Amino acid sequence: MTEAEQKVVVITGAGGGLGAATARRFAADGACVVLSDINGARAAPLAEALGGLFVPADVTVEADVAALVDAAVARGGRIDVMINNAGQVGAVGPIVEVDGTSWSRTIAVLQDSVFFGMKHAARAMIAQGRGGVILSTTSVAGFVALAPHAYTAAKHAVVGLTRSVAAELAAHGIRVNAVAPGNVPTPMTIAVYGSDAAMRAAAAARNPMRTVVEAEEIAGAFAYLASDLGRNVTGQMLTVDAGLSACPLPAEYYARAPGYIGGAE
Ligand SMILES: NC(=O)c1ccc[n+]([C@@H]2O[C@H](COP(=O)([O-])OP(=O)(O)OC[C@H]3O[C@@H](n4cnc5c(N)ncnc54)[C@H](O)[C@@H]3O)[C@@H](O)[C@H]2O)c1
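Residues numbered from 1 in each chain as written. Predicted model: local features only at pLDDT ≥ 70, side-chain atom pairs only at ≥ 80, totals over all residues. Heavy atoms only, no water.

*Asks:* What exactly am I supposed to notice about the side chain of Thr152 here?
*Replies:* Topologically, Thr152 is positioned in helix α5 (residues 149-169). The residues contacting Thr152, other than those within four sequence positions of it, are Ala141, Val144, Ala145, Leu146 and Ala147. (Helix = DSSP H or I, 4+ residues; strand = E, 2+ residues; numbered from the N terminus. Contact = heavy atoms within 4.5 Å.)

Shown next as structure tokens:
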């Protein structure tokens, strides 16, 4: 696959903040975009505006995800990039109070969905025999405890699945990676904080750069991983979080007088 060819790119959760920004980015880069969401209110008009296709799908239903991939292949003649992005916060609350139904629904939306997306994208990509790229949206909660329990567990699972499926599909020239966003203002996170301003203030206060990660930056990370520049990148998580997950100590910690601590030597 060369950059000059029009890529067929499938994005789930394309009606939401990160999915819509990613669809816009790939369309601007010249791709044939296939937008999917359980809710067509935002994704269907966006697909039309981008000259793409809207395919409704509930990512917790394997037959829906299989049909989505097949619709993309029917539209574009092939599938080059699959982005498993749909999600929600899911079950919240203390571990002793989280009910099993909410737990299972969260795992279905955030984890089973990625399995279905990887499985059916791989099926189509292996059949077409020209490689491909499978991407998913994990989270900083895929590495550390920065979200409710079920969400954190599911996003950790996406990290593991990305690595193991990358190992298998490398032989087919299919790369498998994920993007791990920090706190990005989207309908999902704005609902948690009550307003865009409150969300932004909380996000900036939490990371060492004191900045807000925007949806377009996550779209840029997906674009990089899907491009030929990323041709030797597989099994990786690309974190875009202003240092939130890697740098837990405050800057003041590093402001101590220079010296050398040698212990008992
Ligand atoms: N916004 C953040 O700060 C952040 C951080 C880390 C990871 N993420 C992840 O990014 C992804 C996108 O989230 P967002 O912030 O854009 O949220 P969002 O709520 O703006 O978008 C999520 C989209 O997923 C769709 N969706 C939900 N359940 C679905 C289902 N069963 N089938 C199909 N579509 C479904 C929703 O309709 C919505 O359009 C999610 O996987 C989320 O966990 C977001």
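*Asks:* I keep staring at the site of the ligand and nothing clicks. Help me out?
*Replies:* Around the ligand, a shell composed of 28 residues is seen, among which Gly17, Asp37, Tyr151, Val184 and Thr186 lie nearest. Here a nitrogen atom of the ligand sits 3.0 Å away from a polar atom, N or O, in the side chain of Asp58. Taken by itself the ligand offers 820 Å² of open surface, and the protein chains cover 92% of this. Mapped onto the shell around the ligand, the elements with two or more residues apiece are α1 (17-28), α5 and α6 (187-193). For the shell around the ligand, the element with the most residues is α6, which contributes three residues. (Near = heavy atom within 4 Å. Polar contact = N/O pair within 3.5 Å; in protein donor to acceptor, adjacent residues only side chain to side chain. Areas by Shrake-Rupley, 256 points an atom, 1.4 Å probe, with all protein chains shown as cover.)

*Asks:* Help me understand the packing of aromatic side chains in this model?
*Replies:* If you walk through the whole model with that rule in mind, you get two aromatic pairs. Ring geometry for Phe115 and Phe116: centres 5.3 Å apart, planes at 45°, overall tilted. Given a relative accessible area of 10%, Phe116 falls into the buried group. For the pair Tyr253 and Tyr254, a centre-to-centre distance of 5.0 Å together with 85° between the ring planes defines the contact as edge-to-face. Over the ring of Tyr253 we find Arg256; its NZ or CZ atom is 5.1 Å from the centre of that ring. (Phe/Tyr/Trp six-rings, centres within 6.5 Å; stacked < 30°, edge-to-face > 60°. Buried < 20%, exposed > 50% of the residue type's maximum accessible area, 1.4 Å probe, protein only. Lys NZ or Arg CZ within 6 Å of the ring centre and 35° of its normal.)

*Asks:* Is there a simple way to think about a nonpolar patch on the surface in this case?
*Replies:* On the surface, Phe143, Val144 and Leu146 cluster together to form a nonpolar patch covering roughly 200 Å² of accessible area. Position of Leu146 relative to the elements: it lies in the loop between β5 (132-137) and α5. (Patch = residues over 30% accessible without salt bridge, like charges linked within 9 Å, V, L, I, M, F, W, Y side chains within 5 Å. Salt bridge = Lys/Arg side-chain N within 4 Å of Asp/Glu carboxyl O.)

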